[in-house]
Amino acid sequence: MGSNGKTERIKKRDKLSVFALYIGMAAIIIVFTLLCRLKGINYLSWTNITNIIVQSSIIGVMAIGASCVILTGGIDLSSGSMLAFDGMVCALLTVRYGVPLPVAMLLTVLTGCLLGMLAGIGISYGKLPAFIMTLGVMQIAQGGALALNGGQPVSGLPGELNQFAKMTILGIPAFVYCLLLLYAVMVFVMRKTKFGRHVYSLGGNAQAARLSGINVKRVEITVYTLAGLFSAIAALMLIARLAYASPTSGDGYEMDAIASCVIGGIALSGGQGKLGNTLIGALILTILKNGLQMLDVSSYYQQIITGIVIVGAVLMDKAEERRAE
């Protein structure tokens, strides 16, 4: 009876959290709309809305992988550096070596998966803390991205990439369809498959998961491989949008991905939260950053405000957890 009561309280907390996310997003949009109007700027112009949607799509894709990792109780600090490295790999394969774009994209995705798998193996078999292992992979990817072309960006990418980034279907950017498809697949996986249940079990209680027969090492390696996969997909989206690849293009993206998860209600302790809500978190984070840029707020203060929002989201989540217990 007590267990059922706790389950009901958790479900109620989740519903309230989602409602609060939508209210918070609406409030931020209203505030920025009014403030921009005072400066003679149309915040809700279709151009700006499209910009927000496209940018949040890239962060949202990375947040899928980050969510899988955090749900197990882990953390991934390497995703931003992997994004830069993967983007450089794709650019050099097509521009310097003349590899056909589809083949280059496939090799880029495989590169991301291998880097993620490396992190997962170090954590599961090497028994290294996730923070340390992913920090090491971050350094490897950062150095690799700079070494690939002497620290210089790569331009002259195939036009098909940029054409796809600009493509719209029924007036909606093609990136959005990619994002929604990826979320639909992963939400199904996390809700309806044995793997998804194992991810939540591992995050909830690793020792209990191990005793119940779950192959913890396999789950850990898989989630970090997925994080590498989604970093690679985000890299392809980013270089398509920019029409060039830069060895520093991934700076800060790992923090944006983690922040999207936190704002979306994924518990950093693992085992709690819904992957789909990270999409709302990515939107809120992008709307916040976009609005501050539109108002010409200094980048220093943008970081401070974003940090305050993230800390506030964690504090609210912890308060809700205590009330649900």
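Everything discussed here concerns the structure shown above.
An account of the accompanying structure is given in this report. (Residues numbered from 1 in each chain as written. Predicted model: local features only at pLDDT ≥ 70, side-chain atom pairs only at ≥ 80, totals over all residues. Heavy atoms only, no water.)

With respect to the overall build of the protein chain
In terms of helices and strands, the protein chain carries 13 helices and two strands. For 325 residues, the compact-globule formula gives about 20 Å, and the C-alpha radius of gyration of the protein chain, at 20 Å, lands near that figure. Going through the 325 residues of the protein chain one by one, you find that 49% of them count as buried. The long-range fraction of contacts in the protein chain, counting pairs at least 24 apart against all pairs at least 6 apart in sequence, stands at 79%. As displayed, the protein chain offers around 15600 Å² of accessible surface, 67% of which is attributable to carbon and sulfur atoms. On the protein chain, the mean spot of the 24 positive side-chain charges and the mean spot of the 14 negative ones are 7 Å from each other. (Helix = DSSP H or I, 4+ residues; strand = E, 2+ residues; numbered from the N terminus. Rg over C-alpha atoms; globule rule 2.2 N^0.38 Å. Buried < 20%, exposed > 50% of the residue type's maximum accessible area, 1.4 Å probe, protein only. Contact = heavy atoms within 4.5 Å. Areas by Shrake-Rupley, 256 points an atom, 1.4 Å probe, with all protein chains shown as cover. Lys, Arg positive; Asp, Glu negative; His and termini not counted. Charge placed at Lys NZ, Arg CZ, Asp CG, Glu CD.)

Here we look at the packing of aromatic side chains
This structure, assessed with the given rule, holds two aromatic pairs. Seen in terms of ring centroids, Phe 164 and Phe 175 are 5.9 Å apart; in terms of plane orientation they differ by 45 degrees. Their pairing is tilted. In this pair, Phe 164 is assigned in helix H6 (residues 159-166) and Phe 175 in helix H7 (residues 174-192), connecting sequence segments 11 residues apart. Residue Phe 164 is classed as partly exposed on the basis of its relative accessible area, which comes to 31%. Phe 175 gets classed as buried once you look at its relative accessible area, which sits at 0%. Lying over the aromatic face of Tyr 125, Lys 217 brings its terminal NZ or CZ to 5.6 Å of the ring centre. (Phe/Tyr/Trp six-rings, centres within 6.5 Å; stacked < 30°, edge-to-face > 60°. Lys NZ or Arg CZ within 6 Å of the ring centre and 35° of its normal.)

Things to note about the packing of helix H11 (residues 253-263) against helix H12 (residues 277-294)
One way to put it is that H11 packs onto H12 with a least axis distance of 7 Å and a crossing angle of 115 degrees. In the packing of H11 onto H12, the handedness of the crossing is right-handed. Contact residues: H11 offers Asp 256, Ala 259, Ser 260, Cys 261 and Ile 263, while H12 offers Thr 278, Gly 281, Ala 282, Ile 284, Leu 285 and Lys 289. (Axes fitted to C-alpha atoms, helices over the stretch in contact; angles between N-to-C directions. Left-handed = near helix turned anticlockwise from the far one by under 90°.)

Topic: the state of the cysteines
Evaluated as defined, the whole model comprises zero disulfides. With no disulfide partner, Cys 178 has as its closest neighbouring cysteine sulfur the one in Cys 90, 14 Å distant. The structure places no disulfide on Cys 261, whose sulfur is separated from the nearest cysteine sulfur, that of Cys 68, by 8.8 Å. Note on Cys 261: relative accessible area 0%, which makes it buried. (Disulfide = S-S within 2.5 Å.)

Describing the pattern of salt bridges
Using the criterion set out here, one finds one salt bridge in the structure. Linking Asp 256 and Lys 289 is a salt bridge whose minimum nitrogen-to-oxygen distance equals 2.6 Å. Taken together, the positions of Asp 256 in helix H11 and Lys 289 in helix H12 put the pair 33 residues apart, joining distant regions of the chain. Residue class for Asp 256 comes out buried when judged on its relative accessible area of 11%. (Salt bridge = Lys/Arg side-chain N within 4 Å of Asp/Glu carboxyl O.)

Re H11
The element H11 is extensively covered by neighbouring structure, given that 10 of its 11 residues are classed as buried. Turning to H11, its buried residues are Tyr 253, Glu 254, Asp 256, Ala 257, Ile 258, Ala 259, Ser 260, Cys 261, Val 262 and Ile 263.

Brief notes about helix H3 (residues 79-95)
Residue pairs three or four apart in sequence face the same way in an α-helix, which turns once every 3.6 residues. Between its first and last C-alpha atoms H3 spans 24 Å; for 17 residues at 1.5 Å apiece the expected length is 24 Å, and the two agree. Counting buried residues in H3 gives 16 out of 17 residues, a clear majority hidden from the surface. (Expected span 1.5 Å × (residues − 1).)

A word on the environment of Ile 284
On the secondary structure map, Ile 284 appears in helix H12. Its relative accessible area of 6% is what places Ile 284 among the buried residues. Distance from Ile 284 to Gly 136, taken between C-alpha atoms, is 30 Å for residues 148 residues apart in sequence. In contact with Ile 284, other than residues within four places in its own chain, are Leu 21, Met 25, Ile 28 and Ile 263.

A look at the environment of Thr 193
Mapped onto the elements of the fold, Thr 193 is located in the loop between H7 and helix H8 (194-204). Looking at Thr 193, the relative accessible area reads 22%, which means it is partly exposed. With 95 residues separating them along the chain, Thr 193 and Leu 288 place their C-alpha atoms 34 Å apart. Looking at Thr 193, its side chain comes within polar contact range of the main-chain oxygen of Val 189, at 2.4 Å. (Polar contact = N/O pair within 3.5 Å; in protein donor to acceptor, adjacent residues only side chain to side chain.)

Observations concerning unusual backbone geometry
With phi around 60 degrees, Lys 127 is a residue other than glycine that occupies positive phi space. Assignment of secondary structure puts Lys 127 in the loop between helix H4 (101-124) and helix H5 (130-148). Not every positive phi belongs to a glycine, and Asp 296 is a case in point at roughly 65 degrees. Secondary-structure assignment places Asp 296 in the loop between H12 and helix H13 (299-324). The class for Asp 296 is exposed, based on a relative accessible area of 64%.

Quick notes on a nonpolar patch on the surface
Residues Phe 164, Met 167, Ile 169, Leu 170, Ile 172 and Tyr 177 make up a contiguous nonpolar surface patch of about 550 Å² in total accessible area. By the element assignment, Ile 169 lies in strand S1 (residues 168-169). (Patch = residues over 30% accessible without salt bridge, like charges linked within 9 Å, V, L, I, M, F, W, Y side chains within 5 Å.)

So, the packing of H3 against H4
Viewed as axis vectors pointing N to C, H3 and H4 meet at an angle of 150 degrees, and their least axial separation amounts to 9 Å. Compared by their axis directions, H3 and H4 come out roughly antiparallel. Between H3 and H4 lies a crossing whose hand is right-handed. In this structure, H3 uses Met 82, Phe 85, Asp 86, Val 89, Cys 90, Leu 93 and Thr 94 to contact H4, whose residues at the interface are Leu 101, Ala 104, Leu 107, Thr 108, Thr 111, Gly 112, Leu 115 and Gly 116. Residues that form the contact of H3 with H4 fall into these classes: nine nonpolar, five polar and one charged. (Parallel < 35°, antiparallel > 145°, perpendicular 65-115°, else oblique. Nonpolar A, V, L, I, M, F, W, Y, C, P; charged D, E, K, R; others polar.)

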